[in-house]
Amino acid sequence: MATKLTKLTTMMMMTTMATRLTKVTPMTTKVTPVVARGGRTAAVRTWTSVGWGWRVVTRAPAVTTPPAASSAAASAATAETAWPPASPHWTEGPQCQRCRPGSFGPGGAGGCRPCACHGHGDPERGFCHRGSGVCHCLPPTTGVHCDRCAPGYYGDPRHGGVCVLRCRGRQLLPLTEPLELGWRGGDGQEPLPHCLWLLSVSGGPRPCPRPGPECPRIGLSLRAEGSCQGSFVYAFDGIPALLDGGGVQGDPTLIGALCGGGAPHSLELEAKSGILVLYYESNGTEPGGFRARVEPRPCPPHCPSPTLGCPGGCGGGECRKDRGVCECPEGFGGPNCSTPIGPGSIVWEPLVGDTPEEDSPSRFLRRLGHSLVPGPNETLWLFGGLSLAHGPLASVYRFSLRDRRWTQVLAGEGEGGPGPSPRYLHAAAALPGGGALLLVGGLTWTGVSQDTWMLNLSSLQWRRIQAPQVPAVAGHSLTAGGSRGIFLVGGFSPQNGFNTELFIFDPRSENWGVGVQAGTPPTGIYGHSASFHEPSESLFVFGGQRFHVERVAPSAELYSLHLPRLTWSLLAPARGEKPRPHFFHAAAILGDTLVVLGGRSDRRDFGNEVLLYQIRCNSWILPPHTDPSLLGPPMPGSVSHALAQLGGLLFISGGFNGGVLGGLWGLRVPPEPCGTLPDPPRCHSGGSCAWCGGRCRGALEAERDFGGFGGSGGSCAWCGGRCRGALEAERLGCSPIPSPCAPSPRDPLECRRLRSCSECLAQHPLGGSAPPSCKWCTNCPEGACIGAGGSCRRENDCRINQREIFAPQNCSEAACGAPDCPRCAAAGRCMWTRQFKRTGETRRILSVQPSYDWTCFSHSLLNVSPMPVESAPPLPCPRPCHLQLTCHTCLGSAGADGGWQHCLWSVGLKQLTCHTCLGSAGADGGWQHCLWSVGLKQCLSPSFAPLLCLTGGCGLLLRGEPHTCGPGGVWAFLSCPPEDECQNGHHTCGASQVCRDLPDGYTCTCRAGYSPDRAGYSPDRAGYSPDR
């Protein structure tokens, strides 16, 4: 730390108006804010980067118009900020002859008008000029009415708005009062791609030696805008390693890494060291940025130690200070335990508070990408995860539901080994009986892991299970399927790409097997959820980052896997809409309801919404229709949290929302999800629900209680104490009931709403063994789903002989659907190419040169191609991204996974080694490019980036036209990069000497034929050392 601070101080320099900057020198003068009358800061000195150094800049108050020019300035005022009419109420003096402070005018009979300064007038100067009304603006506002921001700031200060300090490279800001700062793209000015602010309560670049009144904490309120495509803002409590050329992951000073937008609230963080460092990097390709408000939070002398509590009070509940939560009495909920819990309430219950205080029980549990499984005796078992400050973790914790308390347990191998290495985004599942848990894969410090472990929950002993057939995977799911074993679905690794196999673990033999899949399985998926439904003996797999038909994108699809036949089906809802795409969420099944929690969607980067899927009716109940039924303080919006079910209650732990969460929340969902819809409009808005007897009921319940539906699917309503027809019910003012639910289409009209062959021919696990009621018509540019007894010629005529498909494995999207070249070539009759592109179900277009996304096509296209096609086979498969070892080969590579057509250059936080490498054609299936991560020093497949870069550790991702890598430079934020004085001419060697660079300085030696002269010149005397 001493070396780091020495370098930090050495890099700062001061300039004056009379002295030109020529040399970086140590700065010893303490920089303090310039304080105006009344204690308000009138100007603040800051340091701004110049080359590799810093300069001190004074933020002076905005210059107001002199009185002599006030009339001209006043006439130039905009019409939208007009002065109010004169009034005698703004006068003062024995004869009301003067204008009061905050007003202007002649006074007396002429009256005075209030200053129109938008709340930014300086009270020490009377807010505005008493004669003209021109405002004396507080910094950083300016203008006649303080309606503009001073240079170096952006925003709209009108109507009490604020001005935000604009990104200007690197700045040290002494913090004495609240300050707004940020980065904004798309505003007409070219912002810098990197910004760094070091905010200090002491005015200098040193943390406080100890907490106390002289070292107030720094509060940070942070809100990001845009998306999480490579743009992150990082917050550090203290001097981070990146200021000395280090990385981000595992830095103990890192307290937040925020990206994206759509969050309803700002991220609230606090720095306790007296130093807050904010670093932002923008991908430069989209508008966005971030806003931050920082403020010192002083406390009175002898600051009390922070204690847990319930700041908002608990009303009729009990405050459990040891856990920082309120416990409500039975039957009540809400923030103050005053709201009765109804039969349709979705009830959130904080079990362990998530506070930033050091004595919080959650301080050791802040993590993401961990696992949480139920154990014996009403316990939950937590393993691993990622901490921003410590990197991957390997700790084990046990939560007792009876005591509502976490306990760390020490588990190791029987021979004294440590057990699994630290990891996150792994998967774990409880073995039958709950006496052990199974752990597979995950991300470690060295990459994606391939190992399998078993933990005995009684002896606390880890044991490694040999599983050579299971590939290295991360982001996968591991789900217990009753007596049929434990099922591993999906996952990704750079060396293997997407995992498309279904692996089954037999707990009795402790062996893995590979299942023979039928139907339409996902061709590549990670960051999804998989939940077991015992009545149907099926897994339900929702969302995730999915490869499908030459594209990798977040998915909104729901798959079922019927375990007795290992048959996959892509389930379109029988009624209502699908949810938005989600990934890195969590899910579990309660009764006949699949509950999906939070995650990242195309609208919100950190969500906490509750999605409900009715398994028996094959329909979704979605927000905002259920919002009125939410009760209690919910978990914060997050991604990569862990979830477990125990005793009919869902438990949610941790997660990531820019900061790492450590709380534990409980969630109760009604057995009948239709009960969450509080009124007829919401009841009939989605799902298979009916409004009957004054509440929303499931359609099955309504059908059972009312009768009379038969097979007609007619519309009825409960009205006047009995079930009536729709017309009669409408005349009496009662709400109609939709058709009763069914998991599969019942008539041809329901078939017509299905838009793909896989959805048309899907077999819901509860649909029975009856033949499919739909069929798919193909060979037209666009296919169609019709009733099994219909005619493709009559119902989907395109003047082409059509083919009827009844089995989902014969769908066109299931043919040649491999996500990478080796599997495409191994499928037979398929080829891996970038010259074809799908434009419809059966239409393909051909490019003269490879220019489309990599994907797998039928080899039969070569028979109709009028030009040569580059494909594998017969060519060998392209070299995968992870085998490209240099920047040049990475950006010149065509990749080896699916879904892209440009290269991405990943600018790590450690250094930037290539200024102009912004792209080249790639070759991964569905993609066409790779990324080179400098901080991680490896070439990444773009399919891997959302998983590996979830918390921003990969650095900035850029894309552009193909270039070759240049010699490069180094971002060394507060310490100079190594200098070659011999190359740049910063040496004193003579013409008869040779300059030789040293790690610290240089040396001069005699050229051939020369020797030291009488003056005694020698390499030691001629050389330069910074210590001399």
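Look up a bit, the structure's there.
Residues numbered from 1 in each chain as written. Predicted model: local features only at pLDDT ≥ 70, side-chain atom pairs only at ≥ 80, totals over all residues. Heavy atoms only, no water.

**Structural notes on the overall build of the protein chain**
The helix and strand inventory of the protein chain stands at 13 helices and 79 strands. Counting contacts in the protein chain only where the partners sit at least 6 residues apart, residues at least 24 apart contribute 59% of the total. For the protein chain, the exposed surface amounts to about 44400 Å²; the carbon and sulfur share of it is 53%. (Helix = DSSP H or I, 4+ residues; strand = E, 2+ residues; numbered from the N terminus. Contact = heavy atoms within 4.5 Å. Areas by Shrake-Rupley, 256 points an atom, 1.4 Å probe, with all protein chains shown as cover.)

**Some words on the sheet that holds strand 59 (residues 642-646)**
Reading across the sheet, the five strands line up as 58-25-61-60-59 and stay open at both edges, with mixed pairing between neighbours. At either end of the open sheet lies a strand with only one pairing partner, and these are strand 58 (630-631) and strand 59. (Pairing = 2+ DSSP bridges.)

**Notes on the packing of aromatic side chains**
Centre-to-centre distance and the angle between the planes together describe a pair of aromatic rings. This model, assessed by the stated rule, comprises 23 aromatic pairs. The interplanar angle of 50 degrees and the centroid separation of 5.2 Å between the aromatic rings of Phe542 and Trp620 together place this pair among those described as tilted. Taken together, the residues span a long stretch of sequence, with Phe542 in strand 48 (residues 538-542) and Trp620 in strand 57 (residues 619-621) at a distance of 78 residues. The same class applies to Phe542 as to Trp620, namely buried. Geometrically, the ring pair formed by Tyr613 and Trp620 is tilted, given 5.0 Å between the ring centres and 50 degrees between the ring planes. For the pair shown, Tyr613 and Trp620 are each scored as buried. Joined through ring pairs, the aromatic side chains of Phe492, Phe498, Tyr526, Phe547, Phe583, Phe584 and Phe944 make up one cluster. Its end group placed over the ring of Phe606, Arg600 keeps NZ or CZ at 5.1 Å from the ring centre. (Phe/Tyr/Trp six-rings, centres within 6.5 Å; stacked < 30°, edge-to-face > 60°. Buried < 20%, exposed > 50% of the residue type's maximum accessible area, 1.4 Å probe, protein only. Lys NZ or Arg CZ within 6 Å of the ring centre and 35° of its normal.)

**Looking at the state of the cysteines**
Here the structure, examined in full by the defined rule, presents 21 disulfides. One disulfide bridge connects Cys137 with Cys146, the sulfur atoms lying 2.1 Å from each other. Judged by the torsion about the S-S bond (-105 degrees), the Cys137/Cys146 disulfide is left-handed. Take Cys137: its relative accessible area is 5%, and that puts it in the buried class. The class for Cys146 is buried, based on a relative accessible area of 0%. Each disulfide pairs two cysteine sulfurs, and for Cys751 the partner residue is Cys774, the sulfurs being separated by 1.9 Å. Because the sign of the S-S torsion sets the handedness, a value of about -80 degrees for the bond joining Cys751 and Cys774 places this disulfide among the left-handed ones. With Cys751 in helix 6 (residues 748-752) and Cys774 in strand 66 (residues 774-778), this residue pair connects regions lying 23 residues apart in the sequence. For Cys751, a relative accessible area of 0% gives the class buried. The thiol of Cys96 is not disulfide-bonded; the next cysteine sulfur, from Cys112, is found 9.3 Å away. By relative accessible area, which is 38% here, Cys96 ends up partly exposed. There is no disulfide at Cys1006, and the cysteine sulfur nearest it, in Cys1004, is 9.5 Å away. (Disulfide = S-S within 2.5 Å.)

**Some details on the pattern of salt bridges**
Inspection of every chain in the model, using the stated rule, returns 25 salt bridges. Asp156 is paired through a salt bridge with Arg158; the nearest N and O atoms lie 2.9 Å apart. Taking relative accessible area as the criterion, Asp156 reaches 37% and is therefore assigned partly exposed. A residue is classified by how much of its surface remains accessible, and Arg158, at 27% relative accessible area, is partly exposed. A salt bridge links Glu349 to Arg404, with the nearest nitrogen and oxygen atoms 2.8 Å apart. With Glu349 in strand 25 (residues 346-352) and Arg404 in the loop between strand 30 (396-400) and strand 31 (405-409), this pair connects stretches of sequence that are 55 residues apart. No difference in accessibility class separates Glu349 from Arg404, as the two residues are buried. Connected through salt bridges with shared partners, the residues Glu180, Arg217, Glu270, Arg291, Arg293, Glu295 and Arg297 form a single ionic network. (Salt bridge = Lys/Arg side-chain N within 4 Å of Asp/Glu carboxyl O.)

**Here we look at the sheet that holds strand 67 (residues 784-787)**
Taken together, three strands build an open sheet; the order of strands is 67-66-68 and the sheet is antiparallel. Edge positions in the sheet fall to strand 67 and strand 68 (803-805), since each of these pairs with one other strand and no more. Averaged over all pairs of adjacent strands, the angle between strand axes in this sheet comes to 35 degrees, irrespective of strand direction. Taken together, the three bridges between strand 66 and strand 68 define a ladder with antiparallel strand orientation. Within the sheet, the bridge partner assigned to Trp776 lies in strand 68 and is Ile805. (Axes fitted to C-alpha atoms, helices over the stretch in contact; angles between N-to-C directions.)

**Quick word on unusual backbone geometry**
Of note, the amide linkage connecting Pro623 to Pro624 takes the cis form, showing an omega dihedral of 5 degrees. Structurally, Pro624 is set in the loop between strand 57 and strand 58. Along the chain, Ala872 connects to Pro873 via a cis peptide bond; the corresponding omega equals -10 degrees. At Leu460, a residue that is not glycine, the phi angle is positive and equals roughly 55 degrees. Phi is positive for Cys816, close to 50 degrees, though the residue is something other than glycine.

**Topic: the pairing of strand 54 (residues 586-590)**
With respect to burial, strand 54 is a largely interior element, five of its five residues being buried. Judged by which residues are buried, strand 54 turns out to be covered on both faces: Ala586, Ala588 and Leu590 on one side and Ala587 and Ile589 on the other are all buried. With five bridges joining them, strand 54 and strand 55 (residues 593-601) adopt antiparallel strand pairing. What sits directly across from Ala588, in strand 55, is Val595.

**Examining the pairing of strand 38 (residues 461-465)**
Where strand 32 (residues 412-413) meets strand 38, two bridges bridge the pair, whose relative direction is parallel. Residue Gly412 lies in a different strand from strand 38, and its bridge partner there is Gln461. Pairing of strand 37 (residues 452-456) with strand 38, which is carried by five bridges, proceeds in the antiparallel orientation. Paired with Leu455 across the strands is Trp462, a residue of strand 38.

**Digging into empty space enclosed by the protein**
Within this structure, the stated rule accounts for seven cavities of 30 Å³ or more. Of the volumes computed, that of the largest cavity is approximately 120 Å³. Lining the largest cavity are 15 residues, and of these Ala572, Asn618, Pro743, Pro745 and Leu754 lie nearest its centre. Residues that form the lining of the largest cavity fall into these classes: eight nonpolar, four polar and three charged. The space that makes up the second largest cavity amounts to roughly 60 Å³. (1 Å grid on protein atoms, 1.4 Å probe; cavity = no way out; pocket = protein on both sides within 12 Å on 5 of 7 lines; lining within 4 Å. Points joined across faces, edges and corners; volume = space filled by probe spheres on them. Nonpolar A, V, L, I, M, F, W, Y, C, P; charged D, E, K, R; others polar.)

**Topic: the nonpolar core**
Core analysis: the largest hydrophobic core is formed by 78 residues, its most contacted members being Leu181, Trp197, Leu199, Leu220, Phe290, Val294 and Leu443. The element best represented in this core is strand 19 (residues 275-281), accounting for six residues. Residue contacts for Val294: discarding those within four places in its chain leaves Leu175, Glu177, Pro178, Leu179, Leu181, Leu199, Ile218, Gly219, Leu220 and Leu276. Membership of the second largest hydrophobic core comes to 24 residues, among which are Val595, Val610, Ile621 and Leu677. (Core = buried A, V, L, I, M, F, W, Y, C linked by side-chain atoms within 4.5 Å.)

**Overview of the side chain of His764**
Structurally, His764 can be placed in the loop between helix 7 (757-760) and strand 66. Residue His764 is classed as buried on the basis of its relative accessible area of 4%. At 3.1 Å, the side chain of His764 forms a polar contact with the backbone oxygen of Ile615. In this structure His764 touches Phe540, Leu571, Tyr613, Ile615, Asn618, Pro743 and Ser744, once residues within four positions along its chain are discounted. (Polar contact = N/O pair within 3.5 Å; in protein donor to acceptor, adjacent residues only side chain to side chain.)

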